[in-house]
Amino acid sequence: MQLKNGVRKIWSEKEFVIRDAPLTTRFENSEDGRTIYNVFVAIFVIFLTYTGFEEYTKTGKVRLSLHLIWLGFKNLDLAILVWCTSNILASLSYTCFKFWAKVRLTLEPKGQKVWDKIWSTISILYYFLFLYGLQTIGHTVKFGKSSATFIFMEQVRLLMKQHAFIRTNVPRVLHTKVHTETNLVLPNFGQFIYFLFAPTMIYKDEYPRTRHIRWKFVLHNFAEIFAVMWFYAVIVERFLIPRFSDICLRQFTLGEIIAPIFSNVVPGVSFMLLSFYGVLHSCQNAFAEILRFGDRMFYKEWWHSKSLAEFHRTWNVLVQDWLYTYIYKEFYEVIFLKNKKAAGFVVFFVSAVVHEWLVINVFRFFLPINLLLFLTTGAVLAAMGILDGKWGNFLVLYWIGIGFGIEANLLALETFAQDNCPLNENVSSVEFYLPRFITCGCIK
């Protein structure tokens with residue numbers, strides 16, 4: 001282990017530099033990239049035109065799926081209130097950390113051990129109660145799907161941020177000797193708050209910053225975020241609602257359940273691309289520009305991936321950096337003692353569980369298709385390199401597309417089954433974990 005400024009370096013540090021996101025570079029500097037962008041815009045306009053024409057011929061009205069966006073953000077005011085409260089709690093964690101650090105330096109070694117155990121226990125309880133409290137609120141208040149997605153994803157992000165800050169700065173405290181002339185220098189509150197909102201999961205005292213804010217660029221990215229949500233709504237109304245809206249109102253044949261899984265792969269892939277572009281490109285770029293955050297490498301060129309392992313490393317660099325730094329390295333160096341496969345499996349398992357927790361709370365039912373796909377693509381296929389080889393890129397994109405298609409269709413199927421055949425209030429908790437489209441007799 002190396003020592004750097006009195007702090008033990010237990011992982012390789014991420015280097016931050018000023019750079020644009022890969023798609024920003026392509027769209028601004030490449031005519032081919034701009035053409036691809038225009039193709040997606042044209043497809044969106046075509047979908048809107050077709051949707052508006054069909055709505056007008058059937059109902060005499062033109063809603064263009066905007067009503068679905070409105071329904072998706074049901075109880076958004078309460079979601080924002082919860083978000084604000086969560087940020088206040090996150091800010092208080094900074095005060096608690098400094099209190100732990102300052103008191104620790106006044107104690108003798110034995111007292112320090114007791115003090116550390118007390119605050120380690122408090123931290124674990126805080127993480128648990130933070131998630132449990134939010135889950136309770138989510139199951140009490142009927143948030144729309146978009147509101148629920150916003151609030152639950154934000155809570156996970158906040159916890160990851162707090163853990164990153166604490167885990168990075170704890171060594172500074174532990175390697176400061178008591179009763180010496182060495183002064184403990186901790187980040188100030190402004191540095192913590194900046195990190196809390198900066199588009200990165202790796203804590204640093206300072207980040208490279210751009211010179212000014214391009215407000216036109218910010219507005220463009222926010223417009224893209226709204227367009228992505230609108231595109232989502234149009235796809236749901238055009239492809240998923242007609243297929244499954246009457247599930248449990250009549251019995252479906254097994255063929256009616258299986259066929260859409262394959263025929264609706266295109267909507268599934270569309271959801272994948274829209275989620276990627278809206279969350280990892282437009283949203284991160286908008287806030288990075290507002291905060292003048294220089295490093296825009298939120299993702300890499302995952303579309304060139306020739307293996308599933310490469311896809312997982314490049315799809316979401318923000319989360320991948322956090323998992324590598326605070327999960328993989330910890331298990332690799334401390335628990336599994338240089339066992340890469342075991343540490344890698346823990347990373348996939350943690351990621352799978354968190355994603356499944358998000359799905360459960362957003363959709364308010366348990367259908368572990370997301371968990372199974374994560375463990376299959378990550379812990380099995382990626383680890384064993386089954387799809388690697390000459391046709392790796394095609395096989396990766398094909399497998400990912402099929403996976404997203406299956407997930408989108410099954411989630412839509414179960415959502416309508418839950419709406420059309422709801423659980424009674426007095427049922428056992430076991431029924432919560434059983435698919436309603438099966439237990440309600442919706443299949444012949």
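Keep in mind the model is a prediction, meaning the values are calculated, not measured. (Residues numbered from 1 in each chain as written. Predicted model: local features only at pLDDT ≥ 70, side-chain atom pairs only at ≥ 80, totals over all residues. Heavy atoms only, no water.)

## Quick word on empty space enclosed by the protein
And step 1. The tally for this structure, following the rule as stated, stands at 1 cavity of 30 Å³ or more.
And step 2. Every residue lining the largest cavity is listed: Lys14, Phe16, Pro199, Thr200, Phe293, Asp295, Met297, Phe298, Val317, Leu318 and Asp321.
And step 3. Residue composition of the lining of the largest cavity, grouped by class: 7 nonpolar, 1 polar and 3 charged. (1 Å grid on protein atoms, 1.4 Å probe; cavity = no way out; pocket = protein on both sides within 12 Å on 5 of 7 lines; lining within 4 Å. Points joined across faces, edges and corners; volume = space filled by probe spheres on them. Nonpolar A, V, L, I, M, F, W, Y, C, P; charged D, E, K, R; others polar.)

## Let's talk about the state of the cysteines
And step 1. Applying the stated criterion to the full structure yields 1 disulfide.
And step 2. Through a disulfide, Cys421 is tied to Cys440; the S-S separation comes to 1.6 Å. Residues Cys421 and Cys440 are joined by a disulfide whose S-S torsion is about 70 degrees; by sign, that bridge is right-handed. Taken together, the residues span a long stretch of sequence, with Cys421 in the loop between helix 15 (392-420) and helix 16 (436-439) and Cys440 in the segment after helix 16 at a distance of 19 residues.
And step 3. Look at Cys421 and you get buried, because its relative accessible area is 13%.
And step 4. The cysteine Cys84 is free of any disulfide, with Cys283 supplying the nearest cysteine sulfur at 16 Å.
And step 5. Overall, Cys84 belongs to the partly exposed group, its relative accessible area being 33%.
And step 6. Just so you know, Cys96 is unpaired, no disulfide at all, and the nearest cysteine sulfur is the one on Cys84, 20 Å from it. (Disulfide = S-S within 2.5 Å. Helix = DSSP H or I, 4+ residues; strand = E, 2+ residues; numbered from the N terminus. Buried < 20%, exposed > 50% of the residue type's maximum accessible area, 1.4 Å probe, protein only.)

## Observations regarding the confidence of the model for the chain
And step 1. Looking at the chain, pLDDT values average 85 and 92% of them are 70 or higher.
And step 2. Model confidence for the chain, summarised as mean pLDDT per element, is weakest for strand 1 (residues 2-4) at 41 and strongest for helix 7 (residues 189-197) at 94.
And step 3. Ignoring residues within four places in sequence, the model shows residues 1-10, a span with pLDDT below 50, making 18 contacts including any to other chains. (pLDDT = per-residue confidence, 0-100. Contact = heavy atoms within 4.5 Å.)

## Quick word on the nonpolar core
And step 1. With 97 residues, the main nonpolar core has Trp100, Phe152, Ile247, Phe276 and Trp322 as its most contacted residues.
And step 2. With residues near it in sequence (within four places) discarded, Trp322 still touches Met160, His163, Ala164, Met201, Ile202 and Ile327. (Core = buried A, V, L, I, M, F, W, Y, C linked by side-chain atoms within 4.5 Å.)

## Looking at the pattern of salt bridges
And step 1. Under the counting rule described, the total for this entry stands at 13 salt bridges.
And step 2. With a closest N to O distance of 2.6 Å, Arg172 and Asp205 form a salt bridge. Separated by 33 residues along the polypeptide, Arg172 in helix 6 (residues 145-174) and Asp205 in the loop between helix 7 and helix 8 (215-244) bring together distant segments of the chain.
And step 3. Taken together, the shared-partner salt bridges in this structure form one network comprising Glu54, Lys58 and Arg238. (Salt bridge = Lys/Arg side-chain N within 4 Å of Asp/Glu carboxyl O.)

## Looking at the layout of surface pockets
And step 1. In this structure, the second largest pocket encloses a volume near 970 Å³.
And step 2. Taken together, 34 residues line the second largest pocket, and the ones lying closest to its centre are Phe27, Ile36, Phe40, Leu273 and Tyr277.
And step 3. Class assignment for the residues of the lining of the second largest pocket results in 27 nonpolar, 4 polar and 3 charged.

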